[in-house]
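Fold and geometry: a report
Now for the letters of each chain:
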Amino acid sequence: MWGKVIAVLVGILAGLWWMRGFDEGVIRGKKVLVTGASTGIGEQLAYHYARMGASVMVTARRAQRLQEVVAKCKELGNPDAIFGYVNGDMSNMSFTEHLIKESTQRMGGLDYLLLNHILSPNLGFWKGDKDDMAHLDKVFEVNFKAYVHLASHALPALEKSGGHIVVLSSFAGKIAPPFSVPYASTKWALGGFFTGLRQELTMTGSNVSITICIIGFIATDNAVTAFGEIQNGLPLQRIIGSAASPSDTALDIIRGAAAREEEMYTPFQKTYITTWISGVCPSLMNYLIRAIYSDV
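Residues numbered from 1 in each chain as written. Predicted model: local features only at pLDDT ≥ 70, side-chain atom pairs only at ≥ 80, totals over all residues. Heavy atoms only, no water.

Given a rise of 1.5 Å per residue, 12 residues ought to cover 16 Å, and the 17 Å separating the end C-alpha atoms of helix α2 (residues 40-51) matches this to within 8%. Across the 12 residues that make up α2, a large majority, 10, are buried. The complete set of buried residues in α2 reads Gly-40, Ile-41, Gly-42, Glu-43, Leu-45, Ala-46, Tyr-47, His-48, Tyr-49 and Ala-50. Downstream of α2 by one or two residues, Gly-53 has phi in the positive range, about 100°. (Helix = DSSP H or I, 4+ residues; strand = E, 2+ residues; numbered from the N terminus. Expected span 1.5 Å × (residues − 1). Buried < 20%, exposed > 50% of the residue type's maximum accessible area, 1.4 Å probe, protein only.)

This is the structure:
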């Protein structure tokens, strides 16, 4: 028991240390690709990286929205930096290879690959019918397979730069909530793949880091809309009041990636401590999570 207490205290101190010790100057001149950058955390990542002096390529499906993001990056960023976009559909695996090739050619390399895009979950009970199965296939294509393909295509460029793969996962990848079973499944899969890949890279002497970001509930437009709806009679909007800022979340991610953290949590106290409590007393944590999503 005391060993677990010491572990969580060390984790808290480590989190506070890297948040205080971050030097934005280390980002200047870096070459960054952000997926899912038309809105939410991805959009804020692009703005912060631009402000810190990096070249930034962004991608999502909506070209017009990406043009607006690029325009703001140019306002915030270094006049000598490169800013651009490639729009496309992450369910098309051939697009992932095109995206990496186009981005590395335009920027002259790659230092940071931030994997952020998602297919939003259909909230509700898992029924196991044809609709659920079809949605499961789509979610795994976009939220898991595309991440694997992008990282694999980017590895040669990242090996040259000693770069970083940054995987935006979720609290759902540590403690699976109800009503989003396919979504949570992809987050657990990301943890398994990228943790194993990190081990293999270390074994081969690679200098590429992998940071897995455990992200709590963030006040993005998509998340607030999804959880603000009452689906199947479930009052899910009660959790919105605890949502964190997309901009602050993006800064936490940038700090953790620059520090080459293997795993980072944001909002730190809510996600890290809750995960630790779940490890100590999983039955209690599962009960509390069910209570959040129910009328009881």
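There is more to say, and it comes next.
Contact geometry for α2 and helix α3 (residues 63-76): axes closest at 8 Å, N-to-C directions at 25°. The orientation of α2 relative to α3 falls into the category roughly parallel. The way α2 lies across α3 gives a crossing that is right-handed. In contact with Glu-43, Ala-46, Tyr-47, Ala-50 and Arg-51 of α2, α3 contributes Arg-65, Val-69, Lys-72, Cys-73 and Leu-76. Each residue belonging to the contact of α2 with α3 can be placed in one class, and the counts come to six nonpolar, no polar and four charged. (Axes fitted to C-alpha atoms, helices over the stretch in contact; angles between N-to-C directions. Parallel < 35°, antiparallel > 145°, perpendicular 65-115°, else oblique. Left-handed = near helix turned anticlockwise from the far one by under 90°. Contact = heavy atoms within 4.5 Å. Nonpolar A, V, L, I, M, F, W, Y, C, P; charged D, E, K, R; others polar.)

Turning next to the pattern of salt bridges. The tally for this structure, following the rule as stated, stands at seven salt bridges. Across the pair Lys-145 and Glu-141 runs a salt bridge, and its minimum N-O distance is 3.3 Å. Of this pair, Lys-145 and Glu-141 both sit in helix α5 (residues 130-161), four residues apart, which is roughly one turn of that helix. The residue Arg-198 makes a salt bridge to Glu-262 at a minimum N-O spacing of 3.9 Å. (Salt bridge = Lys/Arg side-chain N within 4 Å of Asp/Glu carboxyl O.)

Further remarks concern the packing of helix α4 (residues 93-107) against α5. With their axes 9 Å apart at the nearest point, α4 and α5 run at an angle of 35° to one another. Between α4 and α5 lies a crossing whose hand is right-handed. Taken together, the residues of α5 that come into contact with α4 (itself represented by Met-93, Thr-96, Glu-97, Leu-99, Ile-100 and Thr-104) are Glu-141, Lys-145, Ala-146, His-149, Leu-150, His-153, Ala-154 and Ala-157. Residues of the contact of α4 with α5, tallied by class, amount to seven nonpolar, four polar and three charged.

Residues Leu-110, Leu-113, Leu-115, Ile-165, Val-167, Phe-194 and Ile-210 are the most contacted members of the largest nonpolar core, which totals 36 residues. Of all the secondary structure elements, the ones that give two or more residues to this core are α4, β4 (112-115), α5, β5 (164-168), α6 (181-203), β6 (209-215) and α9 (268-280). Leaving out residues up to four positions away in the same chain, Leu-115 has contacts with Thr-35, Tyr-147, Leu-150, Ala-151, Ile-165, Val-166, Val-167, Leu-168 and Phe-194. (Core = buried A, V, L, I, M, F, W, Y, C linked by side-chain atoms within 4.5 Å.)

To continue, consider the sheet that holds strand β7 (residues 263-266). Strand order in the open sheet formed by seven strands is β3-β2-β1-β4-β5-β6-β7, and the pairing between neighbours is parallel. Either end of the sheet is taken by a strand with one partner, and the two such strands are β3 (83-87) and β7. Strand-to-strand, the axes of this sheet are offset by a mean angle of 15°, without reference to chain direction. Bridge count between strand β2 (residues 55-60) and β3: five bridges; the pairing is parallel. Paired with Ala-60 across the strands is Asn-87, a residue of β3. Packed onto the sheet, α3 meets β2 and β3 and runs at close to 165° relative to β3. (Pairing = 2+ DSSP bridges.)

To describe a pair of aromatic rings, you give the distance between the ring centres and the angle between the ring planes. Within the structure shown, the criterion is met by five aromatic pairs. Residues Phe-193 and Phe-194 carry aromatic rings whose centres are separated by 5.0 Å and whose planes lie at 80° to one another, so their mutual orientation is edge-to-face. Feature note: the residues Phe-140, Phe-144, Phe-193 and Phe-194 constitute an aromatic cluster, connected by ring pairs. Seen from the ring of Tyr-47, Lys-72 lies directly overhead, with NZ or CZ sitting 4.6 Å from the centre. (Phe/Tyr/Trp six-rings, centres within 6.5 Å; stacked < 30°, edge-to-face > 60°. Lys NZ or Arg CZ within 6 Å of the ring centre and 35° of its normal.)

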